[in-house]
Amino acid sequence: MDSKHKSSRIKDLVQVSLAHGPHSSLRPDNSPGDGPTLPRPSPPPFRVPSVHTLTVSPQFLASTQGDLSNITAPPMFLAPTSVVEVGRCWAEHPAIFAAPALEPDPARRALLVLTHMLSSLRSQLYIAGSPTVSIKKPLNAFLGELFLASFVDAPAKATTTLVSEQVSHHPPITAMHVSDTANGIRADGYARVEMSFSGTVDIRQVGHAVLHIDRYAEDYLIPLPAVQVRGFLGGRLYPEITGVYTIPSSGAYVSEIRFSGAGLCWGGRKNGFTAVVFRRDDPRRAPIYSLEGVCSDA
């Protein structure tokens, strides 16, 4: 259509609109009735939502039956590491791992074992991330998958060796061995993760680890804490450890850790904890050492 015909067409439309009054409307193409028509407007182009606007739907989780740990999650919710690599949290601080083997006082040894467990929780909870971003789900491991690593702290003369293997696929079970041969300390354990949804994502770790110190022939039973994933409404998912856990030993001392996060009581802190070391034969459980802090800030 040339410019002359365009001008004539626009003029006709304006005249018709004025003739029908200020409340008249022009119908799009293919609409019923008489009168002038305009081309039907095209729908806006479909845009893929930004990764930052995508969140886990509680409705989706609630409709999922059984163990959530085997769900194939969208890529933006996955960490770039396998579940067999989670055991590195026990080995990545060689000086802290070896410290109990170098301590002659039994009460302080129990304290150092407790300190090592607490220091491992941050990297255990935030797989390939940090408290400033949403947590991510590690990749499911295949049966027989291995992760081998070694960590060296030259000033402390400590070296840890980690061997982690996926020993079962259904249910998924990961076995782990961490050792510092030169300092005579090692830990062996296994973990099976169960995930379910009940308003929050509940992560239950079935398993434990046994830490052994050669020089003192001592064993410590290390628990695996349960975790709740929260923050769906805020758009940033974060883990919250719940419950009370003890670290019994073959020696005379026991450690107890009590987690009370922000979602459990008024005025609390995310992953806040209090911990004590006391003698096994003390009915009053009088604290010999006391700790307080936030394990995700360690």
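Residues numbered from 1 in each chain as written. Predicted model: local features only at pLDDT ≥ 70, side-chain atom pairs only at ≥ 80, totals over all residues. Heavy atoms only, no water.

Put simply, the test is: UniProt positions are given in the numbering used here, feature names are shortened, and annotations may be inferred rather than shown by experiment.
The name an unreviewed UniProt entry gives the chain is Kes1, with Verticillium alfalfae as the organism. Regarding the chain, the UniProt comment filed under Sequence similarities (unreviewed entry) reads as follows: "Belongs to the OSBP family."

## Remarks on the overall build of the chain
We count it as follows: Each helix corresponds to a stretch of at least 4 residues labelled H or I by DSSP, and each strand to a stretch of at least 2 residues labelled E; elements are numbered beginning at the N terminus. Relative accessibility under 20% of the residue-type maximum defines a buried residue, over 50% an exposed one, and the middle range a partly exposed one, all with a 1.4 Å probe and only protein chains included. We call two residues contacting when some pair of their heavy atoms lies within 4.5 Å. Surface accessibility in these figures is a Shrake-Rupley result with a 1.4 Å probe; residues are shielded only by whichever protein chains are displayed.
Counting secondary structure elements, the chain contains five helices and 15 strands. A buried classification covers 40% of the 298 residues belonging to the chain. Put simply, 51% of the contacts in the chain that link residues at least 6 apart link residues at least 24 apart. Carbon and sulfur atoms form 59% of the exposed surface of the chain, whose accessible area is close to 16900 Å².

## Some points on a nonpolar patch on the surface
Note the following rule: Patch members must show over 30% relative accessible area and no salt bridge, and they are joined within 9 Å when carrying like charges or within 5 Å when they are nonpolar side chains of Val, Leu, Ile, Met, Phe, Trp or Tyr. Criterion for a salt bridge: a side-chain nitrogen of Lys or Arg within 4 Å of a carboxyl oxygen of Asp or Glu.
A cluster of nonpolar side chains, contributed by Leu 146, Leu 148 and Val 163, occupies part of the molecular surface with about 270 Å² of accessible area. Take Leu 146: it is sitting in strand S5 (residues 146-153).

## Structural notes on the pattern of salt bridges
Evaluation of the coordinates by the stated rule reveals nine salt bridges. Note that Glu 92 and Arg 88 form a salt bridge whose closest N and O atoms lie 3.6 Å from each other. On the accessibility criterion, Arg 88 (33% relative accessible area) is partly exposed. Of the charged contacts in the structure, one is a salt bridge between Arg 108 and Glu 103, with a shortest N-O distance of 3.5 Å. Classification of Arg 108 by relative accessible area gives partly exposed; the value is 35%. Judged by its relative accessible area of 14%, Glu 103 is buried.

## What to know about helix H5 (residues 106-125)
Rule in force here: Any helix carries an expected span of 1.5 Å times its number of residues minus one. Polar contact is the term for a pair of N or O atoms within 3.5 Å; when the atoms are in protein, one must be able to donate a hydrogen and the other to accept it, and sequence-neighboring residues count only if both atoms are side-chain atoms.
Here H5 spans 29 Å end to end across 20 residues, near enough to the 28 Å set by a 1.5 Å rise per residue. With 15 of 20 residues buried, H5 is to be regarded as a mostly interior element. Put simply, Asp 105 is the residue that caps the front of H5, since its side-chain oxygen is 3.3 Å from the backbone nitrogen of Ala 107.

## Digging into the side chain of Ser 249
Positionally, Ser 249 belongs in the loop between strand S12 (238-247) and strand S13 (253-259). At a separation of 2.7 Å, a polar atom in the side chain of Ser 249 contacts the main-chain carbonyl oxygen of Tyr 253. Residue contacts for Ser 249: discarding those within four places in its chain leaves Asp 219, Tyr 220 and Arg 280.

## Points about the pairing of strand S9 (residues 201-213)
Convention followed: When DSSP finds at least two bridges between two strands, those strands are taken to pair.
Relative to S9, strand S8 (residues 185-197) runs antiparallel, the two being bridged by 13 bridges. Its bridge partner lying in S9, Ser 196 is registered against Asp 202. Where S9 meets strand S11 (residues 226-230), three bridges bridge the pair, whose relative direction is antiparallel. For Ile 203, the partnering residue across the bridge sits in S11 and is Val 227. Relative to strand S10 (residues 218-223), S9 runs antiparallel, the two sharing six bridges. In the sheet register, Ile 213 faces S10, and the bridge partner there is Glu 218. What sits between S9 and S10 in their antiparallel hairpin is a turn of four residues, with Ala 217 showing a positive phi close to 50°.

## Concerning the confidence of the model for the chain
To keep things clear, this is the line we draw: A score from 0 to 100, pLDDT tells how confident the predictor is in each residue.
Here the chain averages 78 in pLDDT, while 66% of its residues score no lower than 70. Across residues 9-14, where pLDDT falls below 50, the model places three contacts with residues more than four positions away in sequence or in other chains.

## As for the nonpolar core
Here is the rule we go by: What is meant by a nonpolar core is a set of buried Ala, Val, Leu, Ile, Met, Phe, Trp, Tyr and Cys residues, joined one to another through side-chain atoms within 4.5 Å.
Core analysis: the biggest nonpolar cluster contains 48 residues, and Trp 90, Leu 211, Ile 222, Ile 257 and Phe 259 have the highest contact counts within it. In terms of residues, this core owes the most to one element, H5, which gives nine residues.

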